[in-house]
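Reading the structure
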Amino acid sequence: MSPSSTVELADAVSEVLYALAGWLLVGLGAVGVVVAVLSVASGTAPSLVLSSIVVLLSLCLVAFGVFVNPGFRRRLDRRRSLGQFGRSRVVEHRVLRPGEDRTDRCVDCGARVAEGELRRYREEFCLAGLPVYTHSEGENAYCLDCATTDSSDATAPADERARAEPLTES
């Protein structure tokens, strides 16, 4: 096994283990909250202070589980404003460099793309700005000429566009 495939395997295993640990923490925290609330509601709780401490510790477990789980972290990184509800469309831009050895073709002109821009798009359902479900996702590659022409400063003169760096990494 080559070192790069070993590293890729280790990364994949660690992501699965982090996800498992995150889900276990979230589940344990949720059970703690439910048990404490039900014991207080039924009147069998030994003490209201003890139940409050259990709820606080359980909420901390849920928070740690959310931050440990890579899937939750990616969703938190993609959050939007708290007022965002329903479907939303997001497009992320990334510079495509010659050394990446991709075999994509430009979506506009059909030329092979050695360098240019890669646009990843997603349509997600959001609750309070947090993406809950991804309806669709994909990516398009654009050659340098088409990406420059399609950029927001396309109204600038051609020599200014050539000097400016039209692509940004996100």
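Residues numbered from 1 in each chain as written. Predicted model: local features only at pLDDT ≥ 70, side-chain atom pairs only at ≥ 80, totals over all residues. Heavy atoms only, no water.

Section: the overall build of the protein
- Helices and strands together make up the secondary structure of the protein, namely 5 helices and 3 strands.
- Evaluated residue by residue, the protein yields a buried proportion of 23% over its 170 residues.
- Across the protein, contacts joining residues at least 24 apart in sequence account for 60% of those joining residues at least 6 apart.
- As displayed, the protein has an accessible area near 11400 Å², and 63% of this comes from carbon and sulfur atoms. (Helix = DSSP H or I, 4+ residues; strand = E, 2+ residues; numbered from the N terminus. Buried < 20%, exposed > 50% of the residue type's maximum accessible area, 1.4 Å probe, protein only. Contact = heavy atoms within 4.5 Å. Areas by Shrake-Rupley, 256 points an atom, 1.4 Å probe, with all protein chains shown as cover.)

Some points on the packing of aromatic side chains
- One pass over the full model with this rule turns up 1 aromatic pair.
- Look at tryptophan 23 and phenylalanine 72: their rings are 5.0 Å apart centre to centre, the planes differ by 55 degrees, and that puts the pair in the tilted class. Highlighted residues: tryptophan 23 in helix H1 (residues 3–42) and phenylalanine 72 in helix H3 (residues 70–77), separated in sequence by 49 residues.
- Classification of phenylalanine 72 as partly exposed rests on a relative accessible area of 23%. (Phe/Tyr/Trp six-rings, centres within 6.5 Å; stacked < 30°, edge-to-face > 60°.)

Considering the packing of helix H2 (residues 48–68) against H3
- It is at 5 Å that the axes of H2 and H3 come closest, and there the two elements cross at 85 degrees. In terms of axis orientation, H2 runs roughly perpendicular to H3. Residues Gly65, Val66, Phe67 and Val68 of H2 lie in contact with H3, whose contacting residues are Pro70, Phe72, Arg73 and Leu76.
- Residues of the contact of H2 with H3, tallied by class, amount to 6 nonpolar, 1 polar and 1 charged. (Axes fitted to C-alpha atoms, helices over the stretch in contact; angles between N-to-C directions. Parallel < 35°, antiparallel > 145°, perpendicular 65-115°, else oblique. Nonpolar A, V, L, I, M, F, W, Y, C, P; charged D, E, K, R; others polar.)

What to know about H2
- An ideal rise of 1.5 Å per residue puts 30 Å on 21 residues; H2 measures up with 30 Å between its terminal C-alpha atoms.
- Within H2, the full set of buried residues consists of Ser51, Ser58 and Gly65. Each buried residue of H2 lies within a common arc of 40 degrees when the element is viewed along its axis, so the set occupies one face. Seen from the buried face of H2, the exposed residues on the opposite side, beyond 90 degrees, are Val49, Leu56, Leu57, Phe64 and Phe67.
- Regarding H2, its N-cap is serine 47, as a side-chain oxygen of that residue lies 3.2 Å from the backbone nitrogen of valine 49 further along. (Expected span 1.5 Å × (residues − 1). Arc of directions from axis to C-beta. Polar contact = N/O pair within 3.5 Å; in protein donor to acceptor, adjacent residues only side chain to side chain.)

Details of the pattern of salt bridges
- Applying the stated criterion to the full structure yields 6 salt bridges.
- Its salt-bridge partner being arginine 87, residue glutamate 123 comes within 2.9 Å of it at the nearest N-O pair. Taken as a pair, glutamate 123 in strand E2 (residues 116–127) and arginine 87 in strand E1 (residues 86–96) lie far apart in primary sequence, 36 residues in all.
- For glutamate 123, a relative accessible area of 21% puts it in the partly exposed group.
- By relative accessible area, which is 53% here, arginine 87 ends up exposed.
- Through salt bridges with shared partners, a single network forms among Glu92, Arg122 and Glu124. (Salt bridge = Lys/Arg side-chain N within 4 Å of Asp/Glu carboxyl O.)

Looking at the sheet that holds strand E3 (residues 130–143)
- Ordered in space as E1-E2-E3, the 3 strands form an open sheet in which the pairing is antiparallel. In this open sheet, the two edge strands, each paired with only one partner strand, are E1 and E3. Neighbour to neighbour, the strand axes of the sheet diverge by 20 degrees on average, direction disregarded.
- Judged from the 12 bridges that link them, E2 and E3 form a sheet pairing that is antiparallel. When the sheet's bridge partners are listed, glutamate 123 is paired in E3 with serine 136. (Pairing = 2+ DSSP bridges.)

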